[in-house]
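Below are the chains, spelled out letter by letter.
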Amino acid sequence: MYTATRQPDDLVEATIHTGAQSQELLLAAGDRTLKANYPLIRAAQEELPRQIGFEIVEATKLGATPALTACLLGPNTPDADITYSQPSRNSDRSHPRTALRQYLSTLINNGLAHVIRILVRNAGSDREVSVRAAIYDPNRQWVSDSDHATALNDGTIDPATYFTDDAITSSWRLPLTGTWNTAADAPVIGDDRETPRLYLDTDKIRALERDEDHQPDIRRRLARSPAAFDALRERTPSQSQLREYDVLDVDPWLPVDAETLPVFLTHAPAYYDRDQWPPRAGWEPFTYSVESILREAPGTVPGTTNDRIASSVDPIETLDVDADNEHTQAAITWLQTRGTLQDPRWYPSATFELVREKGVQPVLVVTDETLGAGDLIALVSAAAREKTTAYIVADTDETADRVAALLAHPFHDTTPKKVRLYTTSQPLKANGAAVVYPRSAAAPTWWLTPDGSLELWGGNEQLAHWTQPWTPEALVASLPTCHRVNDELVICGANGDHSTQFQTADALAASWAPLQTPIAPAFLATGLYYGTILTPTARGFQEYHHRPAWVTNDDPRYRSPSFTREVIERFLDQYTVATDADPLEIDQVFPRLCTWLRTIDPYGLEFDLDRDRIAYMIDDLRQWRYPPYEPP
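The following refers to the structure shown. It should be emphasised that the depicted structure is a prediction, and the values quoted were computed from it without experimental measurement. (Residues numbered from 1 in each chain as written. Predicted model: local features only at pLDDT ≥ 70, side-chain atom pairs only at ≥ 80, totals over all residues. Heavy atoms only, no water.)

Along its length, the chain carries 17 helices and 33 strands. Classification of the 632 residues of the chain by burial places 49% in the buried group. Considering only intrachain contacts with a sequence separation of at least 6, the fraction spanning at least 24 residues in the chain is 70%. Looking at the chain as shown, the accessible area adds up to about 29800 Å², and 48% of this sits on carbon and sulfur atoms. (Helix = DSSP H or I, 4+ residues; strand = E, 2+ residues; numbered from the N terminus. Buried < 20%, exposed > 50% of the residue type's maximum accessible area, 1.4 Å probe, protein only. Contact = heavy atoms within 4.5 Å. Areas by Shrake-Rupley, 256 points an atom, 1.4 Å probe, with all protein chains shown as cover.)

With that settled, consider unusual backbone geometry. Going from tyrosine 347 to proline 348, the amide bond is cis rather than trans, its omega being -5 degrees. Glutamine 468 connects to proline 469 through a cis peptide bond whose omega is -5 degrees. Relative to the helices and strands, proline 469 is located in the loop between strand 24 (461-466) and helix 12 (472-477). Positioned with a positive phi, aspartate 9 is a non-glycine residue whose angle comes to about 70 degrees. Along the chain, the position of aspartate 9 falls in the segment before strand 1 (11-18). Looking at aspartate 9, the relative accessible area reads 69%, which means it is exposed. In this structure, arginine 235 takes a positive phi of about 85 degrees despite not being glycine. Relative to the helices and strands, arginine 235 is located in the loop between helix 6 (227-234) and helix 7 (239-247).

Attention now goes to the packing of helix 10 (residues 373-385) against helix 11 (residues 397-408). Remark: helix 10 packs on helix 11, axes separated minimally by 10 Å, with the N-to-C direction vectors making an angle of 65 degrees. Both helix 10 and helix 11 take part in a crossing whose hand is right-handed. Of helix 11, the residues touching helix 10 (which contributes Ala373, Leu376 and Val380) are Val403, Leu406 and Leu407. (Axes fitted to C-alpha atoms, helices over the stretch in contact; angles between N-to-C directions. Left-handed = near helix turned anticlockwise from the far one by under 90°.)

As enumerated under the stated definition, the model contains 22 salt bridges in all. A salt bridge links glutamate 13 to arginine 32; its shortest N-O distance comes to 2.9 Å. Here glutamate 13 is found in strand 1, whereas its partner arginine 32 is found in the loop between strand 2 (23-29) and helix 1 (34-47), with 19 residues between them in sequence. Put simply, aspartate 413 and arginine 420 hold a salt bridge, and the shortest N to O gap is 3.6 Å. (Salt bridge = Lys/Arg side-chain N within 4 Å of Asp/Glu carboxyl O.)

Take arginine 622: it is sitting in strand 33 (residues 622-624). With a relative accessible area of 16%, arginine 622 lands in the buried category. In terms of polar contacts, arginine 622 uses its side chain to reach the side chain of threonine 576, at 2.9 Å. There is a polar contact of 3.5 Å between the side chain of arginine 622 and the side chain of aspartate 620. (Polar contact = N/O pair within 3.5 Å; in protein donor to acceptor, adjacent residues only side chain to side chain.)

Leu376, Trp446, Leu479, Phe571, Leu593 and Trp596 are the most contacted members of the largest nonpolar core, which totals 75 residues. The element that contributes the greatest number of residues to this core is helix 16 (residues 586-600), accounting for eight residues. Listed in part, the 41 residues of the second largest apolar core include Ile16, Phe163, Trp172 and Leu261. (Core = buried A, V, L, I, M, F, W, Y, C linked by side-chain atoms within 4.5 Å.)

What follows covers the environment of glutamate 291. Along the polypeptide, glutamate 291 turns up in strand 12 (residues 288-295). Along the sequence, glutamate 291 and glutamate 55 sit 236 residues apart, while their C-alpha atoms lie 7.5 Å from each other. Excluding residues that lie within four positions of it along the chain, glutamate 291 makes contacts with Ile56, Val57 and Glu58.

On to the environment of proline 159. Within the element layout of this structure, proline 159 appears in the loop between helix 3 (145-154) and strand 7 (169-170). Considering only alpha carbons, one finds proline 159 and tyrosine 103, 56 residues apart in sequence, at a separation of 6.3 Å. Look past the residues within four positions of proline 159 in its chain and what remains in contact with it is Ala70, Leu72, Tyr103 and Ala133.

This next bit is on helix 11. Between the first and last C-alpha of helix 11 there are 16 Å, a value that for 12 residues agrees with the 16 Å anticipated at 1.5 Å per step. Those residues of helix 11 not exposed but buried are Thr399, Ala400, Val403, Ala404, Leu406, Leu407 and Ala408. Where helix 11 is buried, its residues contact strand 15 (359-366), helix 10, strand 16 (390-394), helix 14 (527-530), strand 30 (531-537) and helix 15 (561-575). (Expected span 1.5 Å × (residues − 1).)

The next thing to look at is the environment of glutamine 342. Mapped onto the fold, glutamine 342 is located in strand 13 (residues 340-345). Distance in space between the C-alpha atoms of glutamine 342 and glutamate 353 is 5.3 Å, their sequence separation being 11 residues. Once residues lying within four places of it in the same chain are set aside, the contact partners of glutamine 342 are Phe352, Glu353, Val355 and Val360. A distance of 2.8 Å separates a polar atom in the side chain of glutamine 342 from a polar atom in the side chain of glutamate 353.

A separate point is the sheet that holds strand 24. Across the sheet, five strands lie side by side as 17-18-22-23-24; this open sheet has antiparallel pairing. For this open sheet the edge positions go to strand 17 (413-414) and strand 24, each flanked by a neighbour on one side alone. Inspection of the sheet shows strand 18 (residues 419-420) paired to strand 22 (residues 445-448) by two bridges, in the antiparallel sense. Along strand 22, the bridge assignment pairs arginine 420 with tryptophan 447. (Pairing = 2+ DSSP bridges.)

A few words on the packing of aromatic side chains. According to the stated counting rule, one finds 16 aromatic pairs in the structure shown. Seen from their ring centres, tyrosine 529 and tyrosine 530 are 5.3 Å apart, and the 70 degrees between their planes marks the pair as edge-to-face. Note on accessibility: tyrosine 529 and tyrosine 530 belong to one class, buried. By way of ring pairs, the aromatic residues Trp550, Phe563, Phe571, Tyr575, Trp596 and Trp624 are connected into one cluster. Over the ring of tyrosine 2 we find arginine 127; its NZ or CZ atom is 3.9 Å from the centre of that ring. Against the face of tryptophan 447 rests lysine 418, its NZ or CZ located 5.3 Å from the ring centre. (Phe/Tyr/Trp six-rings, centres within 6.5 Å; stacked < 30°, edge-to-face > 60°. Lys NZ or Arg CZ within 6 Å of the ring centre and 35° of its normal.)

What follows is the structure, given as structure tokens:
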């Protein structure tokens, strides 16, 4: 690569990628014409060992659907020249000559399909290198902020991890070099599912004195932007991306000397017993057509670089998606690159399960017209009981606002003594019988009390009452029901004390209406912890953040004792009631308070809270509005 870039402005690219049977290496120079490739061909003939064969090929482009892509970055220093060089033997820190080899070996050993594109250009006395790495593995693609934070904490698939020079970072780490930080040590519900959080670090913000050149939203957006993938696919970054990097004082072109160049170019051969490339729509790999065999390698069959078998199954077709529903189609296409979808249901809203390496997660795709409060709360409650996260894919920010409001307040109404529940779209049924009520009466309402008792009210009259634990079978057994006997629809009163027969469904519907199933939420304050909301972008979806108006760093009282007291009072007012007996202990309140703050506050206030101080501030006896689910 060094030899082939002898002249000013010479550009050579090396693309290392997962092939059908082995690691494959694609080299190209300039505009990829045969004339432009002459210096590269001559250098290969002179420099490569005889056991390495090479061919002239025509290569297709990668599929256009973005894969998770990192770009190595160095400091943009207009006032000083910095060249990455191999330090002396006695230096405390040095570039390992095996940096890229270590990274490639990690990807290969973990079975992660990948494409790494390295560009080398002549910059006068030195060379400049640009490195981008795309990971083609559904389990490693980011869905939410916690996936980004986990990748930052883990570092395994971040190429910058393998370069010991602190000046070399990656596009994924841009938030951490600005005003963001990661942590996972705040007390939250269910320690075994604790995940790192990406949050705005107020200490860093104060140190920057609100410097507009270090805007946190720009850093986070650039870290996740598909522009890094586009630059890998198109070979060069866009001018707009370069300008945004420049604003943040980083540069994707790293100046290196001749000795250091191998750090960025070492190849790691590997052979596979199966094609590791995931068959996903839009993730089409390179395919080659051999134009000329320049040198055969001993023991190989030349001209066989296009042995990959293309996927013949369209994952959208296998789910039988309504072709007119563009929002659902877009969500499925995007999520298919992040796992396997199963168990689809299309009414009243599209739901399915996303199967990933870390488990199974329910997905709900909604629009403003199809969003049902009870169905949403039921889905997220099921996720909470399974100690996982549900994804809610909304069509607009306005729909996302409604989803966030419902998950933050998963009850219809409140009184000082109980909460009114939402109902699902499904009628209450058990053992072949469906609960009904007379149309001449007001629609009954369901209420839940602090001790977990369930009440059914018709206007001002209590129709039924159940204590915990209650089941659908117990509810149905206590209420009027409809079931089919031979060719008749029969209405039986509570406990079967009388019956009425109808010959047709229309006749029944004229007098009786189905009673919808109540949903007792498994969560109270933590719905946005168990339910991640996603909204559309130009190239996919991103996590939506619910930020109440009172949570703002512009408030001069932010993080002061008076503000902390206000936070506690809001939490207690929304999710607890006064009690005379069996009050909540601080160990019951503190984890839920921290979890609640984690979902609404971008500044990581929960990391600053002190358990004993919070206990002192709670100066009256309180009880939950209803008993939330307690993980075992």
